[in-house]
Amino acid sequence: MGWFSRRRDSGNGRPGRSDGPQMQIDRKAVEEHLRAFVESKRGVEAYVEPATSVTTTTIVLIAWDGEWTRRAVGTPKDGFGISQKLGVPVYDVNQTGYPNRMREWSKRRRRGDA
C-alpha cells in the first residue's frame, strides 16, 4: 500500500508526501494557475482557508458568478501575499465565511447548468 513511502524525506533520498499538511507545494505552478483564473474571470475575491490535520493552508478564488478554484499555499501569510500580488481582495474565511454565489455555482454545476 505504500504507507511508509508517504512519510517525509528522512534523508534517505525518498520524496516527501504529496498531500497533507507537510506536502510540498509547487509555488510557481500555484501562482500561474491562480493568475490565469484571475485574468480570465471578473470580480475575483480570495478566501484564505486555515490548515487542518489533513491539509495545508489553502486559498479559494471565487469569481463574480460563483465559479471557484482552490490551491494549497502553505501558510496564511503566503495566501494573503499571493492575493495581494494578484491584486484581488482577500478575506480570512474564518472571519467572513464563503459567499452564497460559490454554493449556488457548485449546485448549478452538479445539475449540469453551469
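About the criteria used
Residues numbered from 1 in each chain as written. Predicted model: local features only at pLDDT ≥ 70, side-chain atom pairs only at ≥ 80, totals over all residues. Heavy atoms only, no water. Helix = DSSP H or I, 4+ residues; strand = E, 2+ residues; numbered from the N terminus. Buried < 20%, exposed > 50% of the residue type's maximum accessible area, 1.4 Å probe, protein only. Contact = heavy atoms within 4.5 Å. Areas by Shrake-Rupley, 256 points an atom, 1.4 Å probe, with all protein chains shown as cover. Salt bridge = Lys/Arg side-chain N within 4 Å of Asp/Glu carboxyl O. Pairing = 2+ DSSP bridges. Axes fitted to C-alpha atoms, helices over the stretch in contact; angles between N-to-C directions. Phe/Tyr/Trp six-rings, centres within 6.5 Å; stacked < 30°, edge-to-face > 60°. Lys NZ or Arg CZ within 6 Å of the ring centre and 35° of its normal.

1. Quick look at the overall build of the protein chain
Looking only at helices and strands, the protein chain features four helices and four strands. Shown N-terminal to C-terminal, the secondary structure of the protein chain runs as helices and strands in the order α-β-β-β-α-β-α-α. The burial tally for the protein chain puts 32% of its 114 residues in the buried class. Long-range pairs, those at least 24 residues apart, make up 53% of the contacts in the protein chain with a sequence separation of at least 6. Accessible surface, the protein chain as shown: approximately 7,600 Å² in total, 49% of it carbon and sulfur.

2. Remarks on the pattern of salt bridges
Within this structure, the stated rule accounts for seven salt bridges. Between Glu31 and Arg35 there is a salt bridge, with the nearest N and O atoms lying 3.4 Å from each other. Of this pair, Glu31 and Arg35 are both found in helix H1 (residues 27-40), four residues apart, which corresponds to roughly one turn of the helix. A salt bridge links Glu49 to Arg70; the nearest nitrogen and oxygen atoms lie 2.9 Å apart. Within this pair, whereas Glu49 is found in strand E1 (residues 45-49), its partner Arg70 is found in strand E3 (residues 68-74), the two being separated by 21 residues in sequence. What you see here is one network of salt bridges that share partners, running through Glu31, Arg35 and Lys85.

3. Digging into the sheet that holds E3
An order of E3-E2-E1-E4 is seen for the four strands of this open sheet, with the pairing classed as mixed. The two strands at the open ends of the sheet, each matched to only one other strand, are E3 and strand E4 (90-92). In this sheet, adjacent strand axes meet at a mean angle of 25° when their direction is disregarded. Alignment of E1 against E4, held across three bridges, turns out to be parallel. Of the residues in E4, the one forming a bridge with Tyr47 is Tyr91. Sheet strands in contact with H1 are strand E2 (57-62) and E3, and its direction is about 155° off that of E3. Across the sheet, helix H4 (residues 100-111) is in contact with E1, E2 and E3; its angle to E3 comes to roughly 120°.

4. What about the packing of aromatic side chains?
For the structure on display, the rule yields one aromatic pair. Seen from their ring centres, Tyr47 and Tyr91 are 5.3 Å apart, and the 35° between their planes marks the pair as tilted. Linking Tyr47 in strand E1 with Tyr91 in strand E4, this pair joins segments that are 44 residues apart in sequence. Under the relative-accessibility criterion, Tyr47 is labelled buried at 5%. Residue placement shows Arg42 over the ring face of Trp64; its charged tip is 4.4 Å from the ring centre.

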